[in-house]
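# Examination of the molecular architecture
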Amino acid sequence: MTKLDYHDAQNVSNNIIATHEALDEALLKLSALTESMVFASRNAGMPAADSQKALEAVTDGISGLIASRRGFVSAHKHMIIVRNQSNQQVTDFGCLGSGGPLKAKSPLRVAA
């Protein structure tokens, strides 16, 4: 059994949550950018062809970010498996959503 220090594991958990939030915030920002670009080009009477390359580049950024988020969710699942095979298996540091990517919470909580 892996022996994880409680504070180290808590720090990992805090960074997981912060990373999820940052990825989602970046998605929201790119979506807002896309919307503002469409409105700005439309209001300027710009031909669609003039803004097409810029919109495609932003869309590529969104696609890449979604792929990064997918990879991070997978990494988070693996980190939960490691925690569940360690001395911290009964801790519930709190995941985004209902139980995080594995949709399961630990029934016990360890007091620090």
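Let us look at the structure shown here. Please read these numbers as outputs of a predicted model, since none were measured by experiment.

### Focus on helix α1 (residues 6–43)
The first and last C-alpha atoms of α1 sit 55 Å apart over 38 residues, in line with the 56 Å expected at 1.5 Å per residue. If you check which residues of α1 are buried, you get Ala9, Ser13, Ile16, His20, Leu23, Leu27 and Ser41. Packed against the buried residues of α1 are α2 (48–84). Backbone nitrogen of His7 and a side-chain oxygen of the N-cap are separated by 3.0 Å at the start of α1; the cap is Asp5. Of the residues flanking the end of α1, it is Gly45, one or two places downstream, whose phi is positive at about 70°.

### A few points about the packing of α1 against α2
Taken N-terminus to C-terminus, the directions of α1 and α2 make an angle of 165°; their axes are 10 Å apart at the nearest point. Taken as axis vectors, α1 and α2 run roughly antiparallel relative to one another. For α1 against α2, the interelement crossing comes out left-handed. Per-class residue counts for the contact of α1 with α2 are 18 nonpolar, eight polar and two charged.

### Let's talk about the pattern of salt bridges
Scanning the entire structure with this criterion turns up two salt bridges. Ionic pairing is found between Arg69 and Asp24, a salt bridge with its closest N-O pair at 2.5 Å. Note that Arg69 is positioned in helix α2 and Asp24 in helix α1, a separation of 45 residues in sequence. Here Glu25 ties to Lys29 by a salt bridge, and the two come within 3.6 Å at their closest N and O atoms. In this pair, Glu25 and Lys29 both sit in helix α1, four residues apart, roughly one turn of the helix. The partly exposed category is assigned to Glu25, whose relative accessible area is 38%. In this structure Lys29 comes out as exposed when scored by relative accessible area, which is 54%.

The rules behind these values
In every chain, residue numbers begin from 1 and rise along the written sequence. In view of the model being predicted, local features appear only for residues whose pLDDT reaches at least 70, and side-chain atom pairs are presented and counted only at 80 or more, with totals across whole chains, interfaces and linings using the full set of residues. With hydrogens and water excluded, all non-hydrogen atoms of the structure serve as input to the side-chain values. Only runs of H or I of at least four residues qualify as helices and only runs of E of at least two qualify as strands under DSSP, and these elements are numbered from the N terminus. What a helix is expected to span follows from its residue count: subtract one and scale by 1.5 Å. Each residue is assigned to one of three classes by its accessible area relative to the maximum for its type, calculated with a 1.4 Å probe on protein chains only: buried under 20%, partly exposed between the two thresholds, exposed over 50%. Only heavy atoms matter for contacts: two residues are in contact if any of them lie within 4.5 Å across the pair. The term polar contact refers here to a pair of N or O atoms within 3.5 Å; inside protein, the definition further demands a hydrogen-donor-capable atom paired with an acceptor-capable atom, and it admits residues adjacent in sequence only when both atoms are side-chain atoms. Axis geometry follows a simple rule: fit a line to the C-alpha atoms, using only the stretch in contact for helices, then measure angles between N-to-C directions, giving values from 0 to 180 degrees. If an angle is under 35 degrees, it is roughly parallel; if it is over 145, roughly antiparallel; if it lies from 65 to 115, roughly perpendicular; otherwise it is oblique. Left-handed is the label given to a crossing in which the near helix is rotated counterclockwise from the far helix by less than a right angle, and right-handed is the label when the rotation is clockwise. Any residue outside Ala, Val, Leu, Ile, Met, Phe, Trp, Tyr, Cys, Pro, Asp, Glu, Lys and Arg is labelled polar, Gly included; the first ten of those are nonpolar and the last four are charged. By definition, a salt bridge exists where a carboxyl oxygen of Asp or Glu is found within 4 Å of a side-chain nitrogen of Lys or Arg.

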